[in-house]
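Examination of the molecular architecture
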Amino acid sequence: MTTTRTDRPARATLGSAADWGLLLIRVTFGLVMAAHGAQKLFGIFGGQGLTATGKGFEAIGYRPGKVFATIAGLSELVGGLGLAVGLLTPLACAALIGVMINAMALVTAQHGLWASDGGLEYNLCIAVVALGIAATGPGRLALDRFFPWGRGGWWPAAVALGLGGIGAAVTLNL
C-alpha cells in the first residue's frame, strides 16, 4: 500500500503581490523623499543646498532659516530612507507628515489645491501616502516585519499622524 505524504513543509515564499506592491511604493516614495531632503542639505540632485534653502526658509518666516532647513532636510532624508527600507515606519512617516503639514500651512495652502497654481496637492499626497503606509504597515519585505508596528494598524497610524502633527505644531509656533 502506498501512502502519500501530506505533511510537507511549507515552501519558502517570496511574498505576496501586496508585499511587493508595498515594497515598490515604499522604495520609490522613500528614495524620492530622501533625495528631496538631500537637495536641501547637500545641494545635490539639482538642489540649492543648505545656505540657499535656509535663506528661502527665512523668507517665509522660519528663523533661523538654516536651522529649520536642516530640520526639514533631515526629516525628509532620514524619513525617506527609513520608509524605503521599512525601518521604524511609523516614525519615518511622522517625519514626512510633519514636514508636509508645515509646507501646507506656510507655503501652499493659500494657493488652493492644485500644484499647477502653487497649491497643496503635492504636499497633501505625500502626507496621505505616508499615513496610509503607517496604517497598512510596510509589508513583509521590510525590516519592521519582526516588530508589532510592522503590521500597521490604528496605533502605528495614530503615532505617525500624532507625532507628525505635534512636530509641525511645535515648528509652526517657534
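Sequence positions are assigned chain by chain, starting from 1 and proceeding in written order. Note on the predicted model: pLDDT of at least 70 is required for a residue's local features to be given, and 80 or more for side-chain atom pairs to be given and counted; whole-chain, interface and lining totals, by contrast, use all residues. As a rule here, side-chain values cover all heavy atoms of the structure and leave hydrogens and water aside.

An unreviewed UniProt entry annotates the protein as DoxX family protein of Streptomyces bauhiniae. UniProt positions are given in the numbering used here, feature names are shortened, and annotations may be inferred rather than shown by experiment. In UniProt, the protein has this text filed under Sequence similarities (unreviewed entry): "Belongs to the DoxX family." As stated in UniProt under Subcellular location (unreviewed entry), the record for the protein gives "Cell membrane".

Let's talk about the overall build of the protein
Helix and strand content of the protein: 6 helices and 0 strands. To qualify as a helix, a DSSP run of H or I must reach at least 4 residues; to qualify as a strand, a run of E must reach at least 2; elements of each kind are numbered from the N terminus. Counted from the first residue to the last, the protein has its helices and strands arranged as α-α-α-α-α-α. Once the C-alpha set of the protein is aligned to its principal axes, its extents read approximately 85 × 30 × 30 Å. Buried means the residue's accessible area, taken with a 1.4 Å probe over protein chains only, is under 20% of the maximum for its type, while exposed means over 50%, and partly exposed covers the values in between. Split into buried and exposed, the 174 residues of the protein put 38% on the buried side. Note on contacts: a residue pair qualifies if any of its non-hydrogen atoms lie within 4.5 Å across the two residues. Within the protein, contacts between residues separated by at least 24 positions form 59% of all contacts whose residues are at least 6 apart in sequence. With the model as given, the accessible surface of the protein reaches about 10100 Å², and the carbon-plus-sulfur share is 70%. Only the protein chains shown count as cover for residues, and all accessible areas are computed by the Shrake-Rupley method using a 1.4 Å probe.

Quick word on a nonpolar patch on the surface
Here the term patch refers to residues with relative accessible area over 30% and no salt bridge, with like charges joined within 9 Å and nonpolar side chains (Val, Leu, Ile, Met, Phe, Trp, Tyr) within 5 Å. Whenever a carboxyl oxygen of Asp or Glu lies within 4 Å of a side-chain nitrogen of Lys or Arg, that contact is scored as a salt bridge. A surface patch of nonpolar side chains, about 880 Å² in accessible area, is lined by Val 85, Leu 87, Leu 88, Leu 91, Leu 143, Val 159, Leu 163, Ile 166, Val 170 and Leu 174. In terms of residue count, the dominant contributor to the nonpolar patch is helix α6 (residues 154–172) (4 residues). Structurally, Val 170 can be placed in helix α6.

A look at the nonpolar core
Of all hydrophobic cores here, the largest spans 17 residues; its most connected members are Phe 29, Met 33, Leu 83, Cys 93, Leu 96, Met 100 and Ala 130. Top contributing element to this core by residue count: helix α4 (residues 89–108), with 7 residues. Not counting residues within four places of it along the chain, the set of residues in contact with Leu 96 comprises Phe 29, Met 33, Ser 75, Glu 76, Gly 79, Gly 80, Leu 83 and Ala 130. Only buried residues count toward a nonpolar core, which is a set of Ala, Val, Leu, Ile, Met, Phe, Trp, Tyr and Cys residues joined through side-chain atoms within 4.5 Å. Among the nonpolar cores identified, the runner-up in size contains 5 residues, and Phe 57, Phe 68, Ala 69 and Ala 72 belong to it.

A few points about the packing of aromatic side chains
Aromatic rings in a pair are described by how distant their centres are and how their planes are angled relative to each other. The pairing test for Phe, Tyr and Trp rings, Trp by its six-membered ring, is centres within 6.5 Å, and the orientation test on the planes gives stacked under 30 degrees, edge-to-face over 60, and tilted for anything in between. All told, the structure shown has 3 aromatic pairs when counted by the stated rule. With 5.3 Å between their ring centres and 40° between their planes, Phe 57 and Tyr 62 make a pair best called tilted. We classify Phe 57 as buried; its relative accessible area is 15%. Ring centres of Tyr 62 and Phe 68 lie 5.2 Å apart, and the angle between their planes is 40°; this geometry places the pair in the tilted category. What makes Tyr 62 buried here is its relative accessible area of 7%. The exposure class of Phe 68 is buried, given its relative accessible area of 8%. Grouping aromatic residues by their ring pairs yields a cluster made of Phe 57, Tyr 62 and Phe 68.

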